[in-house]
Amino acid sequence: MTVSQPSPPRHRGLNTRDLALIALFAALLAAMSIVPGIPVGSAPITLQTLVVMLAPSILGWKRGVLAVVTFLALAAAGLPILSGGQGGLAAFAGATGGFLISWIFVALFIGALTGRMLPKYRFWPGLAINLTGGIVVCYLIGGPWMGAAAGLSVTSTLYTLAAFVPGDVAKAVLATLVAAGVHRSYPVPPAGNRVS
């Protein structure tokens, strides 16, 4: 009679490669603040939301969320890495604070649903996920916060949000194209893509 050996415990932590990818995307988020934002009402249109959609589309929910959280923690600590060279806790209390906080939930939403699609990333489902996360989830959190902080009426808030839609659709398309290319040519290991 043979006794089967128990399988070794599965390592669920982050390895060096994970940490490097998280740092890379946090740095990419910071780099996007160099490109000047386009002022629209109380909040600017920036390229940073492109990276917020791209990170979980490529890295999965865990690493994508950690990249966003790392960036936000550095911004809260005072590094001038937000749009317009802003940094510090005051930036989170203003009209754009809700959008910044929403990025965590956007990354979680996009990463979790993308993980269910892998190992074969497909453009149209990926685009639907990025549009829903990058626009619906982001606006549901950031919109009311912006309206309250800026003293806008519901109608004015909706008009302001509508001005963001074309740019955010374009960013979602670009993020999906890049993610599809990365998954096709250099598949990222699925660890951390599924919510377990």
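Refer to the structure printed above.
What you see is a predicted model; the values in this text were computed from it and never measured.

1. Let's talk about the overall build of the protein chain
- Along the backbone of the protein chain there are seven helices and two strands.
- Here the protein chain has roughly 10,100 Å² of accessible surface; of this, 72% comes from carbon and sulfur atoms.

2. Some words on the environment of Val-173
- Considering the arrangement of structural elements, one finds Val-173 in helix H7 (residues 154-185).
- For the pair formed by Val-173 and Leu-127, sequence separation is 46 residues and the distance between their alpha carbons is 6.3 Å.
- The residues touching Val-173, leaving out its near neighbours within four places in the chain, are Phe-123 and Leu-127.

3. Quick look at the nonpolar core
- Counting residues in hydrophobic clusters, the biggest one holds 49 residues, and the most contacted among them are Phe-25, Leu-29, Phe-71, Leu-72, Trp-103 and Tyr-139.
- Listed by contribution, the elements that provide at least two residues to this core are helix H1 (16-31), helix H2 (48-59), helix H3 (61-76), helix H4 (90-93), helix H5 (97-117), helix H6 (123-150) and H7.
- Leu-29 has contacts with Gln-48, Val-51, Val-52, Ala-67, Val-68, Phe-71 and Trp-103, leaving out every residue within four places of it along the chain.

4. A closer look at the side chain of Asn-130
- When you line up the elements, Asn-130 lands in helix H6.
- Among the residues examined, Asn-130 registers a relative accessible area of 0% and is labelled buried.
- At a separation of 3.1 Å, a polar atom in the side chain of Asn-130 contacts the side chain of Ser-57.
- At 2.8 Å, the side chain of Asn-130 forms a polar contact with the side chain of Thr-176.
- Sequence-distant contacts of Asn-130, that is, excluding residues within four places in its chain, are made with Met-53, Ser-57, Ile-110, Tyr-121, Ile-135, Ala-172, Ala-175 and Thr-176.

Calculation rules
Residues numbered from 1 in each chain as written. Predicted model: local features only at pLDDT ≥ 70, side-chain atom pairs only at ≥ 80, totals over all residues. Heavy atoms only, no water. Helix = DSSP H or I, 4+ residues; strand = E, 2+ residues; numbered from the N terminus. Areas by Shrake-Rupley, 256 points an atom, 1.4 Å probe, with all protein chains shown as cover. Contact = heavy atoms within 4.5 Å. Core = buried A, V, L, I, M, F, W, Y, C linked by side-chain atoms within 4.5 Å. Buried < 20%, exposed > 50% of the residue type's maximum accessible area, 1.4 Å probe, protein only. Polar contact = N/O pair within 3.5 Å; in protein donor to acceptor, adjacent residues only side chain to side chain.

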